[in-house]
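Now for the letters of each chain:
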Amino acid sequence: MANPPAGQRPQAINRGALKTLWVLLLAVALSACATKVERIDTEEVRDLSGSWNDTDSRLVSEEMIRDVLSRPWINRYTRSHGGKPPVVIVGEVRNLSHEHINVNTFVADMERALINSGNVEVVASSTERGEVRGERKDQDLHAREGTRNVMGEEVGADFMLKGTINTIIDAEGKKQVKFYQVDLTLISMADNRKVWVGQKKIKKFVDKRSLRF
Amino acid sequence: MYRARSLSGLGKILARSPTMLATITQTRQTPGRWLASGLCLGAVLLLSGCASYSQRFDAIETQLAAGNPSAALQALEKDRGNGRRDEVLYLLNRALLLRMQGDYRQSNEALEQAKRLIDELDAVSIREQAGSLTVNDTLQSYIGSDFERALLHVYAALNYLQLGMPDEARVEVLQLDVLLNLQADGQGNAYTEDAFARYLSGLVFEQLGEWSDAMIAYRKAYQNYQRYREYFGVKPPRSLGLALLRMAGHLGLKEELRRYRKAFAIEQWTPLPALQAEGEVVLIISTGLAPRKREESMAIFAPEAGVMVRVALPRYETKAQPVGEVRLLADNATASAELVEDIDALAVKTLQAQMPVITARALARAVVKYRVAKEAGERDQGLGLLINIAGMISEQADTRSWSTLPQRIYLARRFLAPGRHHISVQLLGHGGHVLAQKQFTGVAIEAGKKVYLTWRWIPPYTRGGKR
C-alpha cells in the first residue's frame, strides 16, 4: 500500500483506526477460543447457574459443625456414661429437593469435624462397612495370628445422623426464587430421642438472561 | 434425495420461465460479477448438499426397525447434526437409544446434559433470530417443544426408577412440576399439561409413601386426561381411577371419592392398607416411533420482478399404528394395558398450534429474500437470479423433532403377592393376531414395593404410513 498524499491525511487516520479495530476484534475472537483455567480459592463464591453448588455445601457444613459441637448433647452423654464419648453413625440424608444434590460433601465435612473435635467417635456407615467386613473375613483366613482382627468386635453406635434437604421453588418466566432447607438430626439408638436438630436455610433469587448473542 | 428433488424442481422453474434462462446468458459482463456469481453458486451447492434433519434420521430408523439400537447409536454418533444448534436433539436421541440398550445411567447423563443445554439456550438469540428471518428456521438452536421437554423428565424419572433410585426419580418429578406449571402459565386455555407425566409423578410419590403428594399428582393427571380425551382421544385410564379412589379413601376425601367412583364407574376396589402386604408391578410398554417432520414447499413466481418466491413449511407424517391391544398375563390372569400417551396426536397438535408463527416467519423470510433478489436484479440481472436461486434453495423447513420417542405409551399396574412371578406381555394387532410378545421371568415382588418393567417395541418395517 502506497503512502497517501498529504491532502488526504484524515482518511489515513481513519484507515489506521480501522486497522486497529480489526486487530482488536481478531484478538478478542481468538482469545475466546483457548481454554482458560484459573485456580480459585475454595472459599470464593462463584454462582454460575443458580443451582446447588460448593458454596451452598460449605455454608451448610459450617453451620452444622458449629452447631453440633456447641450443643449440650455431647457433655450430657459423656457425664451419664462415665466419661465415654458418644459414638455416631451416619445414616441416610434424603434429597427431597428439586435438584440432584450430592449430600456426601457436607456429610463428610461433618464427620471430619466430629472426629477431629475428639469428643465424638464415628463408626463406618452401612455402605462403608461392607468392604471392611469383607476384609476382616479375609484376614480370618489369610492373616498371621498376631495381626488378625477378629469378627464380632465392632463398636455399636449410640446415635444416628439422619437428614433431609427440601426445596421450595417459585418460578415465573425467567425469574426463580429458590429456597433450600437442610435439616440434620441426631437420633439416639437406645430410645429414639432426638438429641440435636441442626438446620440451615439458603435462599436465592435467580434471574435468567433472556437474550444471548 | 433432497438434492435430486430440489434440482429437478429448479429445472422445472427454469423451464417455466424463459426470461430467467435468458438472463443467465446475459451474465458474461465483468469478472467482478463472475466472482459474485461464483460465490452464490458455491453457497447454493453447499446448502443443497446438507440433507434435512428428518432425512438424515433414516439411517437410525432403519437400524431401530431391524431391532438393533446399538447400530442406531453408532449411526447417530456418526452424524451429530449441525454442531451446537442440534446438540440438544443429539443428546435426547442418544439418551433414548442408550435406554433401549438398558444403559439407564448413561442415558440419564445425556438427559442431564440436554437439560443444562436447554437451560442455556432458552434465552432468545439475536443472531439465530436474524438467521431464521433471513435464511431458514434450522439456524435456530433446537430446545424441544413443550411436550418433548416434559418427556425428557419422564424418561429421566423412569431411568432412575429402573435403577432403583426412587429419591432421584422424585427430583425429576419435582423439576417436572416446575416445568409444567411454567408451561401452563404461558399458554391459553386449550393447552393440556402432559397427563402421563402427572400420572407417573403420582406413582413416584405413592411409592415413597407420600400419599397427599400422590393424590395431588393423580388429581392433576385426571384433570389433564379429561383434556386428553377431548383433544387426543386418550381416555383417563382405569388404573388412574383406582389409584385416585385408594388415595382419596386413605386421606378421607369423601366427596372426591364419590365423584371418582361415578366418573370411572368403579364399584369395588381394594383400599390402600389392604394392599400393603402385596407388591406392585408397573408395566410401561412403548410402541413404534414418533412421527417425523417432513418439508412441504411451494414456489410462486412474481412476474413483475422476475423473481421466484419459495416457502417451505414443516408437516408431521405419522406412521401406521399396528397395535390394537396390549395384553398382560400374570398369575394365570389376563389384563389389558391402557393407552396413557399418544405422542402422534401430541406432536401433530403441538405443531398445529405453532404453525401460525412458523408460517408468519416463513412469509417474512420470503419477503426479505424477494426484496434482496429484486434489488440485486435491478442492478445486475445475473446476480439477481443467482441470489434468487440461493434464497430459494436455502429455504428449508425446520424438520427437527425428537424422533426416537415412541408412537404410543401403554401402562398396566398389577398388585401381586410377594415372591417371584412370571409375567408375559402380548401386543395384538387390530385383527386380534399376536404382533409380538415378551416374557419377564423371575420378577421379584416385595411387599409394599413397586417394580417397573419396560419394553420398547418397534415394528420391523421402516417406512410405514404415507409419505
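It should be emphasised that the depicted structure is a prediction, and the values quoted were computed from it without experimental measurement.

K.L.:
I tried to follow the overall build of chain B on my own but got confused; where do I start?
P.N.:
A count of helical and extended segments in chain B gives 18 helices and 10 strands. Counting over 467 residues, chain B shows a buried share of 42%. By sequence separation, contacts in chain B at least 24 residues apart represent 72% of the contacts at least 6 residues apart.

K.L.:
Explain the overall build of chain A to me, please; I cannot follow it from the model alone.
P.N.:
Looking only at helices and strands, chain A has five helices and six strands in total. Traced from its N-terminal end to its C-terminal end, chain A shows the element sequence α-α-α-β-α-β-α-β-β-β-β. By the burial criterion, 17% of the 213 residues in chain A qualify as buried. Relative to all contacts within chain A whose residues are 6 or more apart in sequence, the contacts with residues 24 or more apart total 65%.

K.L.:
Help me understand the sheet that holds strand S6 (residues 333–342) of chain B in this model?
P.N.:
Residues and elements named next belong to chain B. If you trace the seven strands from one edge of the open sheet to the other, you get S9-S8-S5-S6-S7-S2-S10, paired in mixed fashion. Either end of the sheet is taken by a strand with one partner, and the two such strands are strand S9 (434–445) and strand S10 (450–457). Neighbouring strand axes in the sheet, compared pairwise and without regard to direction, differ in orientation by 25° on average. Here nine bridges tie strand S8 (residues 419–429) to S9, and the two strands are oriented antiparallel to one another. Considered in S9, the bridge of Ile423 is made with Phe440. Packing against the sheet, helix H10 (residues 146–162) makes contact with strand S2 (279–287) and S10, and its axis sits at approximately 125° to S10. Against the sheet, helix H17 (residues 343–379) makes contact with S6 and strand S7 (408–416), and its axis sits at roughly 10° relative to S6, the strand it touches most.

K.L.:
Is there a simple way to explain the environment of Pro314 of chain B in this structure?
P.N.:
Looking at the secondary structure, you find Pro314 of chain B in strand S4 (residues 307–317). Counting along the chain gives 22 residues from Pro314 of chain B to Arg292 of chain B, while the straight-line C-alpha distance between them is 9.7 Å.

K.L.:
Can you walk me through the packing of helix H13 (residues 211–232) of chain B against helix H14 (residues 238–251) of chain B in this structure?
P.N.:
Residue and element names in this part refer to chain B. It is at 9 Å that the axes of H13 and H14 come closest, and there the two elements cross at 140°. One finds that H13 runs oblique with respect to H14. Considering the relative orientation of H13 and H14, their crossing is left-handed. Along its contact with H13, which presents Trp211, Ser212, Ala214, Met215, Tyr218, Ala221, Tyr222 and Tyr225, the element H14 presents Leu240, Ala243, Leu244, Met247, Ala248, His250 and Leu251. Of the residues assigned to the contact of H13 with H14, the class counts are 13 nonpolar, two polar and no charged.

K.L.:
I tried to follow the nonpolar core on my own but got confused; where do I start?
P.N.:
One recurring pattern in soluble globular proteins is that nonpolar side chains are buried together. In this structure, Ala157 and Tyr218 of chain B are the most contacted members of the largest nonpolar core, which totals 98 residues. Sorting elements by how many residues they give to this core places H10 of chain B first, with 11 residues. In this structure, Val88, Ile89, Leu161 and Tyr180 of chain A belong to the second largest nonpolar core, which totals 24 residues.

K.L.:
How do you make sense of the interface of chain A and chain B when you look at a structure like this?
P.N.:
Where interface size is quoted, it is often the accessible area lost as the parts come together. The interface of chain A with chain B comprises 16 residues on the first partner and 14 residues on the second. Of all the secondary-structure elements, those providing two or more residues to the side of chain A that touches chain B are strand S1 (87–96), strand S3 (159–172) and strand S6 (211–212) of chain A. Here S6 of chain A pairs with strand S1 (residues 124–125) of chain B via two bridges, running parallel. Considered in S1 of chain B, the bridge of Arg212 of chain A is made with Ser125 of chain B.

K.L.:
Please clarify how H17 of chain B should be interpreted in this entry.
P.N.:
Because the α-helix completes a turn every 3.6 residues, residues three or four places apart line up on one side. All names here are of chain B. Taking 1.5 Å as the rise per residue, H17 with 37 residues should run 54 Å; its terminal C-alpha atoms sit 51 Å apart, in good agreement. Along H17, the sharpest kink reaches roughly 45°, centred on Gln354 and followed within four residues by the proline Pro356. For H17, the full list of buried residues reads Ile343, Asp344, Leu346, Ala347, Ala362, Arg365, Ala366, Lys369, Ala373, Ala376 and Gly377.

K.L.:
What is the right way to look at the sheet that holds strand S4 (residues 175–188) of chain A in this model?
P.N.:
Paired through backbone hydrogen bonds, the strands of a sheet run either parallel or antiparallel to each other. Residues and elements named next belong to chain A. The strand order across the open sheet formed by five strands is S2-S1-S3-S4-S5, and the pairing between neighbours is mixed. The open sheet has two free edges, formed respectively by strand S2 (121–123) and strand S5 (194–207), since each of these has just one partner strand. Here the strands of the sheet are splayed against their neighbours by 25° on average, with no regard to which way each runs. As paired elements, S3 and S4 share 14 bridges and run antiparallel to each other. Residue pairing across strands places Thr164 opposite Asp183, the latter belonging to S4. Each of S1 and S2 is contacted by helix H4 (residues 104–117), which is oriented at about 160° to S1, the strand it contacts most.

K.L.:
So what exactly am I meant to see when it comes to the confidence of the model for chain B here?
P.N.:
Note: predicted coordinates in regions of low pLDDT should not be interpreted at a detailed level. Residue and element names in this part refer to chain B. Per-residue confidence for chain B averages 84 on the pLDDT scale, and 86% of its residues sit at or above 70. The weakest mean pLDDT in chain B belongs to helix H2 (residues 18–25) at 36; the strongest belongs to helix H12 (residues 195–207) at 96. Predicted confidence is poor over residues 1–31, with pLDDT under 50, and the contacts of this stretch with residues over four places away or in other chains come to 28 contacts. Confidence drops under a pLDDT of 50 for residues 42–49, and excluding neighbours within four residues, the segment shows 10 contacts in the predicted structure.

K.L.:
Which parts of the structure should I look at to understand the packing of H12 of chain B against H13 of chain B?
P.N.:
Axes are the key here: two packed helices are described by the angle between their axes and the distance separating the axes. Residue and element names in this part refer to chain B. One way to put it is that H12 packs onto H13 with a least axis distance of 8 Å and a crossing angle of 160°. Relative to H13, the element H12 lies roughly antiparallel. Between H12 and H13 the crossing geometry is left-handed. Residues Ala195, Arg198, Tyr199, Ser201, Gly202, Phe205 and Glu206 of H12 form the contact with H13, whose participating residues are Asp213, Ala214, Ala217, Tyr218, Lys220, Ala221, Asn224, Tyr225 and Tyr228.

K.L.:
Whenever I open this one, the pairing of S6 of chain B confuses me. Can you help?
P.N.:
Residue and element names in this part refer to chain B. Here strand S5 (residues 323–330) pairs with S6 via five bridges, running antiparallel. Its bridge partner lying in S6, Leu329 is registered against Thr334. Counted along the chain from S5 to the antiparallel partner S6, the turn is two residues long, and its residue Asp331 has a positive phi close to 55°. Bridge analysis of S6 against S7 gives four bridges, and the strand direction is antiparallel. Looking at S7, one finds that Glu341 is bridged to Ile409.

K.L.:
What is the right way to look at helix H18 (residues 381–394) of chain B in this model?
P.N.:
For H18 of chain B, which comprises 14 residues, the first-to-last C-alpha distance of 20 Å matches the rise-based estimate of 20 Å (1.5 Å per residue) to within 8%. Among the 14 residues that make up H18 of chain B, 13 are buried, leaving the element largely enclosed by the rest of the structure.

K.L.:
Hey, could you run me through the environment of Leu89 of chain B in this one?
P.N.:
Residue and element names in this part refer to chain B. Structurally, Leu89 is set in helix H7 (residues 87–100). Judged by the 26 C-beta atoms lying within 10 Å of it, Leu89 falls in the buried class. Sequence spacing of Leu89 and Lys349 is 260 residues, and the spatial spacing of their C-alpha atoms is 20 Å. The residues touching Leu89, leaving out its near neighbours within four places in the chain, are Gly81, Tyr142, Arg400 and Trp402.

K.L.:
How should the confidence of the model for chain A be read in this particular structure?
P.N.:
Looking at chain A as a whole, its pLDDT mean stands at 85, while 85% of the residues score no less than 70. Of the regions scoring below 50 in pLDDT, residues 1–8 of chain A engages in two contacts with residues more than four places distant in sequence or in other chains.

K.L.:
Any chance you could explain unusual backbone geometry here in plain terms?
P.N.:
Excluding glycine, residues mostly have negative phi values, and the peptide bonds linking residues are mostly trans. Residue and element names in this part refer to chain B. Despite not being glycine, Ala265 shows a phi value in the positive range, around 50°. For Ala265, a count of 8 C-beta atoms within 10 Å corresponds to the exposed category. Phi at Asp331 takes a positive value of approximately 55°, unusual for a residue other than glycine. The class for Asp331 is exposed, based on 10 C-beta atoms found within 10 Å.

K.L.:
It is not clear to me how the environment of Arg105 of chain B should be interpreted in this structure. Could you clarify?
P.N.:
Structurally, Arg105 of chain B is set in helix H8 (residues 104–121). Separated by 137 residues in the primary sequence, Arg105 of chain B and Leu242 of chain B have C-alpha atoms spaced 32 Å apart.

Rules and cut-offs
Residues numbered from 1 in each chain as written. Chains lettered and ligands numbered in written order. Predicted model: local features only at pLDDT ≥ 70, side-chain atom pairs only at ≥ 80, totals over all residues. Helix = DSSP H or I, 4+ residues; strand = E, 2+ residues; numbered from the N terminus. Buried ≥ 20, exposed ≤ 12 C-beta atoms within 10 Å, placed from the backbone. Contact = placed C-beta atoms within 7 Å. Pairing = 2+ DSSP bridges. Axes fitted to C-alpha atoms, helices over the stretch in contact; angles between N-to-C directions. Parallel < 35°, antiparallel > 145°, perpendicular 65-115°, else oblique. Left-handed = near helix turned anticlockwise from the far one by under 90°. Nonpolar A, V, L, I, M, F, W, Y, C, P; charged D, E, K, R; others polar. Core = buried A, V, L, I, M, F, W, Y, C linked by C-beta atoms within 7 Å. Expected span 1.5 Å × (residues − 1). Bend = angle between axes of the 7 residues up to and from the residue. pLDDT = per-residue confidence, 0-100.

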